[in-house]
Amino acid sequence: SFSGQLLFTRPSLFSLLGQSISARKTTVVFSSSRSLAIRATMKIDSADFHSLFTPDFQILRGLFEKKGYELRIAGGAVRDLLMEKKPADIDLATSATPKMMIDLFNAEQIRMLHTNGELHGTVTCRIGENNYEITTLRIDEVCDGRRAKVSFTTDWELDANRRDLTVNSLFLDLNGEVVDYTGGIEDCKNKRVAFVGDAARRIQEDYLRILRYFRFFGRISPEGAKHEEETIKAIVNHKGGIAQVSPERIWVEMKRVVIGRMAPAVVKVMLHECGLAILLGLPEGSLSHMDRFETVYKRGMEMEKKHNGVKLESMTMVAALCTTKNEIEEFHKKTKLSNLERDLGEFIVDRRKEAEITVEQGGASQLTYWRRLFALEYGPTMKEKVRSDGDRVRDRVVQLAITVGAPDEVISDLLSSSHPPPFPIDGRILMEAGVPAGPQMHSVKNYLFHLWVQSDFSLSKEQLLTHTQDPDIPPPPVKVNAGKRKREKSSGDK
């Protein structure tokens, strides 16, 4: 039986991670009661690190130091600093229990948010204009692949070993020292994405980690990097567990994957090597549309750079893998899309073929097609009654234009206005012209609107009013009275 520490320096990290980060030491702990564990530490002293210490954060730091509670930056922020990126936000970990934090904040009259998070170890406080989410070190006692029952600990290594990926398991103390129990420092240096410890075990703890793996692979790995064979094997063997994951969580990860860095290569592996299509709600034949997916992705990235205000939407990429509205609906059942996202997907698959034909034909008629389509989607609106969601309607047409590779001039033209020309007819004008109110007026108005759009918005009010009695006006829809539905008795009725 032997227990002790062997310290040795890691100078190679200094040259690889830049002068703002200095190598410190690696500690190998030998113990008769636990397996061999490597603990690497290194110093960060960059401008991005120091920028995190705002006056509000310094107040929080002081409170924890006053009580003797350990407080460290955790996970993604540490990873970003090591990869010389400024963190968008920070997550904090502490040795203090939720009750200790709540007592501390109450004593200092600091507002807390979402205190129900304390069941999982997280307390969110607000200092000044900033919210700080602080989580107690945890151990997963029971995992069912979807959620975990946790207990609290003061052991930083145990908390690190319960995390998903090595690059996300790092801690950074407030003096700038990175503490690594899993090899995350080395993996950040090599841009390697790997599960902490045994991949199969990490996946079985939470099957969403399959999608998180692919998201971070696309974000971190070098161009052309290959997936490690054991990782893909673990994903394939346990992919069925995705069925246990809630739809909302699946879509949160998927929407990042499909528009993320290296999305075509990442999605191809997900569909081809791992066979995840059906489990993610995608059509069985999704793989056959990967060429279109890659073309739309490249076009979207190009348009984002060329045109201010253009952003490739996640649902545009999903639609590239679908051919029918029914397939969009099936994807919705699996991911619980918002109405806007579902409408965008259905709009693209419904209009894609005719838009592709228009682009193939080329010529001056292209601008005419896109202007008319925008107007038809926007609907008949007079100048003083411009729609508040005009930008959203226009952006939906822009996403279709990206999908089919419409020329730059089309994108620029669509972006030039959030609404089409004002329609010169409204209900009051139709009433004065003798059109009866109700369904008949609605049919006449829609008919005149389509005439106006087909004239490229050139017909005047007077010209349009000469068509209010045209025989081609469709009759108003017949209202079907289904009768009042009888409420069924429930077991709660007396």
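Our structure's up above, just so we're on the same page.
For the structure given in this document, a descriptive report is provided here. Sequence order as written defines the numbering, with residues in each chain counted from 1. Residue-level local features of this predicted model are given only where pLDDT is at least 70; pairs of side-chain atoms are given and counted only at 80 or more, and the full residue set underlies all totals for whole chains, interfaces and linings. Only hydrogens and water are set aside; all other atoms, that is, all heavy atoms of the structure, feed into the side-chain values.

Looking at the pairing of strand S4 (residues 71-74)
Inference 1: Side chains of S4 alternate between two faces, with Leu71 and Ile73 and Arg72 and Ala74 buried alike.
Inference 2: Strand pairing is assigned whenever DSSP detects at least two bridges linking the two strands. The helix and strand labels rest on DSSP assignments: H or I over at least four residues marks a helix, E over at least two residues marks a strand, and numbering proceeds from the N terminus. As judged from the four bridges shared by S4 and strand S5 (residues 91-94), these two strands associate in the antiparallel manner. Bridge pairing in S5 places Ala74 opposite Asp91.
Inference 3: Of the pairings in the sheet, the one linking S4 to strand S11 (residues 171-173) comprises three bridges and is antiparallel in character. Each bridged residue has a counterpart across the sheet, and for Ile73 the counterpart in S11 is Leu172. Note on classification: 1.4 Å probe, protein chains only; a residue is buried when its accessible area is under 20% of the maximum for its type, exposed when over 50%, partly exposed between these limits.

Observations regarding the layout of surface pockets
Inference 1: Considered as a void within the structure, the largest pocket measures approximately 1500 Å³ in volume.
Inference 2: Of the grid points, spaced at 1 Å and generated over the protein atoms alone, those admitting a 1.4 Å probe that cannot get out make up cavities, while open sets with protein on both sides within 12 Å along at least five of seven lines make up pockets; any residue with an atom within 4 Å of a point is treated as lining. Asp91, Arg138, Arg163, Asp164 and Arg212 are, among the 42 residues lining the largest pocket, the residues nearest its centre.
Inference 3: Mapped onto the lining of the largest pocket, the elements with two or more residues apiece are helix H4 (76-82), S5, strand S8 (130-136), strand S9 (138-143), strand S10 (148-152), helix H9 (209-220) and helix H11 (247-257).
Inference 4: Ranked by residue count, the leading element in the lining of the largest pocket is H9, at five residues.
Inference 5: Within the lining of the largest pocket, the residues separate by chemical class into 13 nonpolar, seven polar and 22 charged.
Inference 6: Grid points are joined across faces, edges and corners, and a volume is the space filled by probe spheres set on the points. Looking at the second largest pocket, its volume works out to about 470 Å³.
Inference 7: Forming the boundary of the second largest pocket are 19 residues, of which Met262, Pro264, Ala265, Val266 and Lys268 lie nearest the centre.
Inference 8: Residue contributions to the lining of the second largest pocket peak at seven residues, all from helix H12 (residues 263-273).
Inference 9: Grouping the constituent residues of the lining of the second largest pocket by class yields nine nonpolar, three polar and seven charged. Under this grouping Gly is polar, as are all residues other than the nonpolar Ala, Val, Leu, Ile, Met, Phe, Trp, Tyr, Cys and Pro and the charged Asp, Glu, Lys and Arg.

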